[in-house]
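Residue-level listing of the chains:
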Amino acid sequence: MKQLRLKLRLTLPLLIALAGAPAFGQTGTHPTNNPPSMMREQAAREAFIDKLMSRMTVDEKIGQLRLVSLPAGSNPDKPKFMDDIRAGRAGAVFNTVTPKDIRVLQDAAMQSRLKIPLFFAYDVIHGQRTIFPIGLGLASSWNLDAIRQTGRISAIEASADGLDVTWSPMVDISRDPRWGRNSEGFGEDTYLTSRIGAELVKAYQGDDPAARDSILAMVKHFAAYGAVEGGRDYNTVDMSPQRLFQDYLPPYKAALDAGAAGVMIALNSLNGVPATGDKWLLQDVLRKQWGFKGITVSDHGAIMEMIKHGVAADGRDAARLAITAGADMSMSDTMYGDNLKPLLDSGRVSMADLDRATRDVLRVKYDLGLFQDPYRRIGRPENDPPDVNAESRLHRDAARQVARESLVLLKNQGGVLPLRKQGTIAVVGPLAKSQRDMMGNWSAAGRADQTVSAYQGIANAVGGQARLLYAKGANVIDDPEIVKYLNLYEQDVDVDPRTPAQLIDEAVAAARQADVVVAVVGESQGMAHEASSRSDIVIPDSQARLLRALKATGKPLVIVLMNGRPLALGWENDNADAMLETWFAGTEGGNAVADVLFGDYNPSGKLPMTFPRSVGQIPIYYSHLNTGRPFDPAHPDKYTSRYFDAPNGPLFPFGYGLSYTRFELSPVTLSSAEMPRNGTVQASVTVTNTGQRDGATVVQLYLQDPVASISRPVKELKHFEKVMLKAGESRKVSFTIDEDDLSFYNAQLHYGAEPGAFNVYVGLDSEDVKQAGFTLR
């Protein structure tokens, strides 16, 4: 075993409190790191806030901590809502999304005694009016430039609607596809998610957060929300400190280092403590170790929910826990408004706690430029767009290009794809004509009627050159109780009243007339959403029966998947001629799907999550630890870590994705067989397009520390590059490996690299790799 260079004498509790500090640079402000001009700006801001707070009453300070939404229901109490704003009893508003409506609320704030402006927030997750692919789709592009473009366009469109803040990026690492909120995030990998989250923050906020076309980013959900037990939303998270700091916390920290001004606190408990009341998480880690100076916001109703978590006796107790832990703003509950003043009067909450939270809120408003101009993003009434849903407000070209890159070709047996724009094509499936599902969940102000369905995209592509036949073939799901659940708050699933047999018969009749069948199947967007965890992750039975019937016709079968999580696709993979993973691809999704199906665009997407063979394999992810008895598929001995009743290993590994051309990698060459402390080693490969078509692929570099003081993952992604190559072209791709790439948290939670041998793997996915090695001295 390698010997640690440093013998630690600190106790474990103190180490947990200190963990993370050596790994990252500090977020926020520090006199030695900032130029004099920035220091002057910060001093001016703090002086402004000091003066304002000296004039504020306790009630006005409490009001700044309330994040409210217009009451829902058939008879909302809008007059009281407006009275609260005029009285300074609200600090911010969410879910109001047009300049006209936002202006009315800001006008009310300008009638308050101190005229403190509101800020306006919304879930701009993957677009505002132009909807881009869901998070898993964006991650599948492995193209940071494209992802940055989606964030910039989102900021431009959201700010034009009067919004100041987005609840994004969502950087929760998830290794359980049963969790419905996988669709919002970027997958299972710490490094890939960290890179994407940081790029989106910079894209949203731009060079100046006060600029009219910038919005502030609030990274979420802090922390480890994606690790909920059983993939059940809102559930418990319990994990070791090493796993927390090594795998789950880095993406939040990366977003904060990129400048994210806010943090949304997670709904889950972490090792027994609800995150909303976790002083260690919100102060020791976030504020003290990471130097965060921004704002923290509870998730929807989360302060009140600490009563049901079993750590607060009542609302007053919950408010006390949240404010003293460091939760600045209360989203959509009355806990702060009703309870903070009595808590102050009784001495159970200090004025310092209230002042700290109020200052955080005012600081964000100052940085947004709202004190200088409360209408900075809302604009003047005469400049309101005549039609907020106007086609001219969309960025269709960008949406189509990004959507193309998000699609992952999973199978292409016999070169059935790309299709030819001739003959007869049957387009079948309950999602084929769905515009709403193509947008995906959390689709902000996007409109279904402006979204291109898969069928429409195919029709656009073939024009009059091919005959198209359509049949729905099945409902998304036949279970009436599940349909009722999915339609509880919005019409998610439309049910065709015909019998399943009638629907299938129609589809089979169409298939028999066709040269090829394109089956658009998967999940409705509401099946892969918040509060939409699934106990199984197969194609629903109604659609599975349809696919079997289509297969029985003997016609070539192309499956186009629409879904917000990895699915178990055993039968589909065995029986389809081709499979294309399209996730929920957004406003231009249908055109992008058609571009790939017909070869107008060569697919280049790679999976950001492992696809299991069955739900019983979960959790399954590429960067797992080894065991004392690892399974070796070449020598499948009995007494190894394996399942005996099914093939072991994933159906499709992390980083996997096919192309219409072929790529080959040379062996890995290293600049040196040794890396000195604080030095680097360069790893290089030559990638060649050996096929007949131009195309792009993603070269991925993984590292392994095979002998360490604690067991380390079998491999971890540390670098990647997407390269475009013409047919026959070769290019050398090089990655610089430094000591931070080799570092981890040991058993004592000390972060650093241990000397010894390291394996380098370079490939086009996480399994098919070339290997080399070097030694850290």
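Just so it is clear, the model here is predicted, and its values are computed rather than measured.

Caption draft 1: Representation of the packing of helix α4 (residues 78-86) against helix α5 (residues 99-109) within the structure. Interaxial distance between α4 and α5 falls to 7 Å at its minimum, and their mutual angle equals 45°. As judged from the angle between their axes, α4 and α5 are oblique. As α4 runs across α5, the sense of the crossing is right-handed. Counting all contacts with α4, which are made through Phe81, Met82, Ile85 and Arg86, the residues of α5 involved are Val104, Leu105, Ala108 and Ala109.

Caption draft 2: Representation of the domain arrangement of the protein chain within the structure. With domains assigned, the protein chain is organised as domain 1 (62-379), domain 2 (407-604) and domain 3 (663-776). Computed over C-alpha atoms, the centres of domain 1 and domain 2 are 34 Å apart. On the domain 2 side, the residues contacting the 28 residues of domain 1 number 27 residues. For the pair domain 1 and domain 2, the two sides together bury roughly 2100 Å², of which 55% comes from carbon and sulfur. The residue glutamate 530 makes a salt bridge to arginine 181 at a minimum N-O spacing of 3.6 Å.

Caption draft 3: View of the packing of aromatic side chains. Applying the stated criterion across every chain yields a total of 18 aromatic pairs. When the centroid spacing of 5.3 Å and the interplanar angle of 85° are considered together, the rings of phenylalanine 222 and tyrosine 252 count as edge-to-face. Of this pair, phenylalanine 222 sits in strand β5 (residues 216-222) while tyrosine 252 sits in helix α10 (residues 250-257), placing them 30 residues apart in sequence. As far as the burial class goes, phenylalanine 222 and tyrosine 252 line up, both buried. With 5.8 Å between their ring centres and 20° between their planes, phenylalanine 758 and phenylalanine 774 make a pair best called stacked. On the criterion of sequence distance, the pair formed by phenylalanine 758 in strand β26 (residues 756-763) and phenylalanine 774 in strand β27 (residues 769-776) is long-range, its members being 16 residues apart. For the pair phenylalanine 758 and phenylalanine 774, one class covers both residues: buried. Three or more aromatic residues joined by ring pairs form one cluster here, namely Trp142, Tyr191, Tyr622, Phe654, Tyr702 and Phe720. Taking NZ or CZ as reference, lysine 220 lies 5.8 Å from the ring centre of tryptophan 442, over its face. It is lysine 433 that lies over the ring of tyrosine 455; its NZ or CZ is 4.6 Å from the centre.

Caption draft 4: The pattern of salt bridges, seen in detail. Under the defined criterion, the tally for this structure stands at 52 salt bridges. In this structure, the salt-bridge partner of aspartate 50 is arginine 359, at a minimum N-O distance of 2.3 Å. Highlighted residues: aspartate 50 in helix α2 (residues 36-55) and arginine 359 in helix α15 (residues 351-367), separated in sequence by 309 residues. On the accessibility criterion, aspartate 50 (41% relative accessible area) is partly exposed.

Caption draft 5: Spatial organisation of the nonpolar core. Core analysis: the biggest nonpolar cluster contains 124 residues, and Phe119, Trp167, Phe222, Tyr336, Leu340 and Leu717 have the highest contact counts within it. Mapping this core onto the domain boundaries places at least three of its residues in each of domain 1 (62-379) and domain 3 (663-776). The next biggest cluster of nonpolar side chains, apart from the first, holds 83 residues, and it includes Val462, Val516, Ala578 and Val593.

Caption draft 6: Fine view of the packing of α2 against α15. Interhelical geometry of α2 versus α15 gives an angle of 125° and a closest axis separation of 10 Å. Between α2 and α15, the crossing angle belongs to the class labelled oblique. Remark: the crossing between α2 and α15 carries right-handed chirality. Contact with α2, carried on its side by Ala44, Arg45, Glu46, Phe48, Ile49, Asp50, Leu52 and Met53, involves Asp355, Thr358, Arg359, Leu362, Arg363, Tyr366 and Asp367 of α15 and no other residues of that element. Of the residues that constitute the contact of α2 with α15, the class distribution is seven nonpolar, one polar and seven charged.

Cut-offs applied
- Residues numbered from 1 in each chain as written.
- Predicted model: local features only at pLDDT ≥ 70, side-chain atom pairs only at ≥ 80, totals over all residues.
- Heavy atoms only, no water.
- Axes fitted to C-alpha atoms, helices over the stretch in contact; angles between N-to-C directions.
- Helix = DSSP H or I, 4+ residues; strand = E, 2+ residues; numbered from the N terminus.
- Parallel < 35°, antiparallel > 145°, perpendicular 65-115°, else oblique.
- Left-handed = near helix turned anticlockwise from the far one by under 90°.
- Contact = heavy atoms within 4.5 Å.
- Domains from an automatic or database assignment.
- Buried area = accessible area lost by both parts, 1.4 Å probe.
- Salt bridge = Lys/Arg side-chain N within 4 Å of Asp/Glu carboxyl O.
- Phe/Tyr/Trp six-rings, centres within 6.5 Å; stacked < 30°, edge-to-face > 60°.
- Buried < 20%, exposed > 50% of the residue type's maximum accessible area, 1.4 Å probe, protein only.
- Lys NZ or Arg CZ within 6 Å of the ring centre and 35° of its normal.
- Core = buried A, V, L, I, M, F, W, Y, C linked by side-chain atoms within 4.5 Å.
- Nonpolar A, V, L, I, M, F, W, Y, C, P; charged D, E, K, R; others polar.

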